[in-house]
Amino acid sequence: MTSVMLWLGAAGSWTFVVTFLLDGWTRPGYRPVRHPVSALALGSRGWLQTANFVLCGSLITAGAGALAEPPGNVALAVVVGVFGVSLVASGVFPMDAMRGYPPGTPDETPADLSLRHKLHDWAGMLVFGSLPIAAGIAVFAVPDTAWKWYSALTTAALAVGFGVFGQAWEQDSRYAGLVQRATILVGWLWLGLLFVYATR
């Protein structure tokens, strides 16, 4: 059962990425280079990204529970669990329409944001904050030397990537979506591989 939960965690990590990449490339009016992944939860096809957040976040949370099984690490499991639950919350509380998406939305950030959007932002901060912490814990929790280096590099890449994305988002950079996607690819790939590694 533990092995099944770990594979579910890996599936959730990678399915999330594949879904938002394919949906973003084929969504009318959506600009993946500029718009964040969360904006895909808006519009007539928004249900797809909402389901992506909730389903994949749930699978990752299930996998996190298996990471605590001996000889696992409880701290690593808890932080990955926070990450998974925060993904679910990101789907339950979608962001507000802004910056030209969905089509017809003013090309600016609203002066007043809804409570729903603020809850989405808080969930996002937990998502982007917990994953680098998880990778940092893995540096000490995983015995394999190659994995220690991989986790250390991932920690640094995520910290820089999410920091750059935060600045790009605040400045409404036309490359904000691209920066976010590149960083997500690094982090979610590492997480999926961690689940697979833990099945050994």
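Up top is the structure.
Residues numbered from 1 in each chain as written. Predicted model: local features only at pLDDT ≥ 70, side-chain atom pairs only at ≥ 80, totals over all residues. Heavy atoms only, no water.

## Some remarks on the pattern of salt bridges
Side chains carrying opposite charge are able to pair once their charged atoms draw close together.
Phase 1: For the structure on display, the rule yields six salt bridges.
Phase 2: Across the pair D23 and R45 runs a salt bridge, and its minimum N-O distance is 2.4 Å. Here D23, found in helix α1 (residues 2-26), pairs with R45, found in the loop between α1 and α2 (46-67); they are 22 residues apart in sequence, far enough to count as distant.
Phase 3: On the basis of relative accessible area, D23 is assigned to the buried category, the value being 2%.
Phase 4: In this structure, a network of salt bridges that share partners links the residues R34, R99, D107 and D172. (Salt bridge = Lys/Arg side-chain N within 4 Å of Asp/Glu carboxyl O. Helix = DSSP H or I, 4+ residues; strand = E, 2+ residues; numbered from the N terminus. Buried < 20%, exposed > 50% of the residue type's maximum accessible area, 1.4 Å probe, protein only.)

## Digging into the packing of α2 against helix α3 (residues 74-92)
Two quantities define a packed helix pair, namely the angle between the helix axes and the distance between the axes.
Phase 1: In the contact formed by α2 and α3, the axes pass within 7 Å of each other and the chain directions differ by 165°. As the angle between them shows, α2 and α3 are arranged roughly antiparallel. Handedness of the crossing formed by α2 with α3: left-handed. Residue-level contacts link T50, F53, V54, G57, S58, I60, T61, A64 and L67 of α2 to A77, V80, G81, F83, G84, V85, L87, V88, S90, G91 and V92 of α3.
Phase 2: When the residues that make up the contact of α2 with α3 are grouped by side-chain class, the tally is twelve nonpolar, eight polar and no charged. (Axes fitted to C-alpha atoms, helices over the stretch in contact; angles between N-to-C directions. Parallel < 35°, antiparallel > 145°, perpendicular 65-115°, else oblique. Left-handed = near helix turned anticlockwise from the far one by under 90°. Contact = heavy atoms within 4.5 Å. Nonpolar A, V, L, I, M, F, W, Y, C, P; charged D, E, K, R; others polar.)

## Topic: unusual backbone geometry
Phase 1: Here the bond from Y101 into P102 is cis, since omega is 0°, no more than 30 degrees from zero.
Phase 2: Tracing the sequence through the fold places P102 in the loop between α3 and α4 (115-141).
Phase 3: The phi dihedral of R99 is positive, around 50°, even though this residue is not glycine.
Phase 4: With respect to the secondary-structure elements, R99 resides in the loop between α3 and α4.
Phase 5: Residue classification places R99 among the buried positions, given a relative accessible area of 6%.
Phase 6: With a phi close to 50°, D172 is a non-glycine residue in the positive phi region.
Phase 7: Residue class for D172 comes out partly exposed when judged on its relative accessible area of 29%.

## Quick notes on the packing of aromatic side chains
Phase 1: Counted under the stated rule, the structure contains eleven aromatic pairs.
Phase 2: Between F128 and F165, the aromatic rings sit 5.9 Å apart at their centres with planes inclined by 75°, giving edge-to-face as the arrangement. Here F165 lies in helix α5 (residues 145-170) and F128 lies in helix α4, a separation of 37 residues in the sequence.
Phase 3: Of the residues examined, F165 reaches a relative accessible area of 8% and is grouped as buried. (Phe/Tyr/Trp six-rings, centres within 6.5 Å; stacked < 30°, edge-to-face > 60°.)

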